[in-house]
Amino acid sequence: MKRRAAFVDRDGTLNQMVYDADHGILDSPRRPNQVALAPHAASFLNGLRELGFVIIVVTNQPGLAKGTLTTPELDAVNARLAELLASDGSRWDELRYCPHHPDFGPACECRKPKPGLLLSAAADHGLDLARSWTIGDGLVDVGAARAAGTRSVLVTSLKLEVLERAIALDGCTPEVIAPDLSAALDIIRRERAGVSSPI
Ligand SMILES: [Mg+2]
Ligand SMILES: [Zn+2]
């Protein structure tokens, strides 16, 4: 039987976003010393592994196209994230990234909400997309899940009215919402047990 995958977003899901005081925004970490795990990140991945999921991290890294991030910098951040997870006894199986941005080159098929990263992983590893899950903190993650045909959990602590406004603008309604990775794992575990989700 084909294996199930958990497609897990990186920034804002596995690791915390970094406050960029110069621009007043939350951004992805660009240096290893900026990497901090999100709460429950290691136990989340370990729980998914116990459930039999292949764990594939899927992340948009448009800084590569924009010239604000180099491949060695991205590799160093990924290595630091893997190191922090390893020190908590956890790991992913594979990490795939989109290096593109539509303002800095031709449109690609892998930038979430496009499903390219998920589809290529499914083709390479023979994954069952309909029984797989995508977990992320952005509506682009929900969009990629929908386009690839996986289940999805949006992990967010946004207030409902803020979330509803974002969803209305985006036109992409998440299947399930969880306040953190621990709750997301509980939802996936329950679904596997054949119990319907609370939302
Ligand atoms: Mg994210
Ligand atoms: Zn791409």
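Right above here is the structure, for reference.
Residues numbered from 1 in each chain as written. Chains lettered and ligands numbered in written order. Predicted model: local features only at pLDDT ≥ 70, side-chain atom pairs only at ≥ 80, totals over all residues. Heavy atoms only, no water.

(A) Just unusual backbone geometry, in detail. Here the residue pair Lys112 and Pro113 is connected by a cis peptide bond, since its omega of 20° sits within 30 degrees of zero. Looking at the secondary structure, you find Pro113 in the loop between β5 (94–98) and α4 (116–125). Positive phi is not limited to glycine here, since His40 has a value of about 70°. As for its placement among the helices and strands, His40 is situated in the loop between β3 (25–27) and α1 (41–50). For His40, a relative accessible area of 37% translates into the label partly exposed. (Helix = DSSP H or I, 4+ residues; strand = E, 2+ residues; numbered from the N terminus. Buried < 20%, exposed > 50% of the residue type's maximum accessible area, 1.4 Å probe, protein only.)

(B) Highlighting the coordination of the zinc ion (ligand 2). Looking at the metal site, the zinc ion (ligand 2) is ligated by Cys98 (SG), His100 (ND1), Cys108 (SG) and Cys110 (SG), spaced 2.1 to 2.3 Å from it. Geometry at the zinc ion (ligand 2) is tetrahedral, judged from the 4 donor atoms that bind it and their angles of 99 to 118° at the metal. (Donors = N, O, S within 2.8 Å, 3.2 Å for Na, K, Ca; no water. Tetrahedral: all angles 85-135°; square planar, octahedral: opposite > 155°, others 65-115°.)

(C) View of the coordination of the magnesium ion (ligand 1). Those protein atoms acting as donors to the magnesium ion (ligand 1) are Asp9 (OD), Asp11 (O) and Asp137 (OD), and they sit at 2.1 to 2.2 Å. Spacing between the donor residues of the magnesium ion (ligand 1) along their common chain follows D-x1-D-x125-D. Residue Asp11 is found in the loop between β1 (5–8) and β2 (18–20), and its partner Asp137 is found in the loop between β6 (133–136) and α5 (139–148); the two are separated by 126 residues along the sequence. On the accessibility criterion, Asp11 (9% relative accessible area) is buried. A relative accessible area of 30% means that Asp137 is categorised as partly exposed.

(D) Region of the structure containing the pairing of strand β4 (residues 54–60). Most of β4 sits inside the fold, with 7 of its 7 residues counted as buried. Here β4 shows no split at all, with Val54, Ile56, Val58 and Asn60 on one side and Ile55, Val57 and Thr59 on the other all buried. As defined by bridge partners, β1 adjoins β4 across 4 bridges and the pair is classed as parallel. Across the sheet, residue Ala6 finds its bridge partner in β4, namely Ile55. Two elements, β4 and β5, share 5 bridges in a ladder whose sense is parallel. Within β5, the residue paired with Asn60 across the bridge is Cys98. (Pairing = 2+ DSSP bridges.)

(E) The arrangement of the nonpolar core in detail. By size, the foremost hydrophobic cluster in this structure holds 33 residues, and its most contacted members are Val8, Phe44, Leu48 and Ile135. In terms of residue count, the dominant contributor to this core is helix α7 (residues 181–192) (6 residues). In terms of nonpolar packing, the next biggest core, distinct from the first, is built from 16 residues, Ala5, Phe7, Cys108 and Leu118 among them. (Core = buried A, V, L, I, M, F, W, Y, C linked by side-chain atoms within 4.5 Å.)

(F) Main features of the layout of surface pockets. Looking at the largest pocket, its volume works out to about 1000 Å³. Going through the elements one at a time, β3, β4, α2 (63–66), α5, β7 (151–155) and α6 (160–170) are the ones with two or more residues in the lining of the largest pocket. (1 Å grid on protein atoms, 1.4 Å probe; cavity = no way out; pocket = protein on both sides within 12 Å on 5 of 7 lines; lining within 4 Å. Points joined across faces, edges and corners; volume = space filled by probe spheres on them.)

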